[in-house]
Amino acid sequence: MAKSWTRWQDWTEVVIGALVALSPIVVTTSTAAAWTMVVLGVLVVLDGLWSLASPSLVAGEWVQIVLGVLLFVAPWVMGYTAMSGASWVSWVGGVLTVLAGAVALPVATSAHRGLAGSH
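Criteria and thresholds
Residues numbered from 1 in each chain as written. Predicted model: local features only at pLDDT ≥ 70, side-chain atom pairs only at ≥ 80, totals over all residues. Heavy atoms only, no water. Salt bridge = Lys/Arg side-chain N within 4 Å of Asp/Glu carboxyl O. Buried < 20%, exposed > 50% of the residue type's maximum accessible area, 1.4 Å probe, protein only. Helix = DSSP H or I, 4+ residues; strand = E, 2+ residues; numbered from the N terminus. Core = buried A, V, L, I, M, F, W, Y, C linked by side-chain atoms within 4.5 Å. Contact = heavy atoms within 4.5 Å. Phe/Tyr/Trp six-rings, centres within 6.5 Å; stacked < 30°, edge-to-face > 60°. Axes fitted to C-alpha atoms, helices over the stretch in contact; angles between N-to-C directions. Parallel < 35°, antiparallel > 145°, perpendicular 65-115°, else oblique. Left-handed = near helix turned anticlockwise from the far one by under 90°. Expected span 1.5 Å × (residues − 1).

(A) Molecular detail of the pattern of salt bridges. Going through the model one piece at a time under the given rule, you end up with two salt bridges. In this structure, R7 and D10 form a salt bridge, with 2.8 Å as the shortest nitrogen-oxygen distance. Like D10, R7 is buried. Here E61 and R7 are joined by a salt bridge, their closest N and O atoms 2.6 Å apart. Of this pair, E61 sits in helix α3 (residues 59-77) while R7 sits in the segment before α1 (8-22); the two residues are 54 residues apart in sequence, bridging distant segments of the chain. Across this residue pair, the class does not change: E61 and R7 are buried.

(B) Representation of the nonpolar core. Core analysis: the largest hydrophobic core is formed by twelve residues, namely I16, V20, V27, A33, M37, L40, V44, L67, L71, A74, Y80 and A86. Elements with a minimum of two residues in this core: α1, α2 (31-53) and α3. Tallying contributions element by element places α2 first for this core, with four residues. With near-sequence residues (within four places) excluded, L40 lies in contact with L67, L70, L71 and A74.

(C) Geometry of the packing of aromatic side chains. Throughout the structure, instances matching the rule amount to four aromatic pairs. Plain terms: the ring middles of W5 and W11 are 6.2 Å apart, the flat faces sit at 45° to each other, and that makes the pair tilted. The partly exposed category is assigned to W5, whose relative accessible area is 44%. W11 sits in the partly exposed class, given a relative accessible area of 39%. Each ring, one from W88 and one from W91, has its centre 5.2 Å from the other, and the planes form 85°; the classification is edge-to-face. On the criterion of helical spacing, the pair formed by W88 and W91 is a turn pair, its members being three residues apart in helix α4 (residues 84-117). By relative accessible area, W88 is classed as exposed at 53%. In this structure an aromatic cluster arises from ring pairing among F72, W76, W88 and W91.

(D) Expanded view of the packing of α2 against α3. At a minimum axis distance of 10 Å, the contact between α2 and α3 shows a crossing angle of 165°. When the interaxial angle is binned, α2 and α3 end up roughly antiparallel. Viewed along their axes, α2 and α3 form a crossing whose handedness is left-handed. On α3, the residues touching T36, L40, L43, V44, D47, W50 and S51 of α2 are A59, G60, E61, V63, Q64, L67, L70, L71 and A74.

(E) Structural view of α2. With 23 residues, α2 extends 33 Å from end C-alpha to end C-alpha; this agrees with the ideal 33 Å at 1.5 Å per step. Residues of α2 that are buried: A33, A34, T36, M37, L40, G41, V44, V45, D47, G48, S51 and L52.

(F) Structural detail: the environment of Q64. Tracing the backbone shows Q64 in helix α3. The class of Q64 is buried, set by a relative accessible area of 0%. Each C-alpha atom of the pair Q64 and V45 lies 9.5 Å from the other, and the pair is 19 residues apart in sequence. Once you skip the residues sitting within four places of it in the chain, Q64 turns out to touch D10, E13, D47, T97, A100 and G101.

Set out below in structure tokens:
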């Protein structure tokens, strides 16, 4: 069974989410861009903490991937592609969030199967 609070992929997700949420402090944003980055960043952090606390829940990794995709498309959807700093934070943060989720998915699936086999 997987130990809680030990997976590097989930810690990576927490750090990425925190950096995205805090980035409006250092990059030029509009109100919509700032709120989008803060809300999505906080959701990524919360999902990372949820995955750290419950490493055998596969759903957390899928949520992470969806949040990463939303973060990646946010500059186009929310109309802040002209703000290069905010856009790049969203694009890079989104790609890294998806990659961390994709790497964690097989690990979570394995932990879930191990949990199911121990009943």
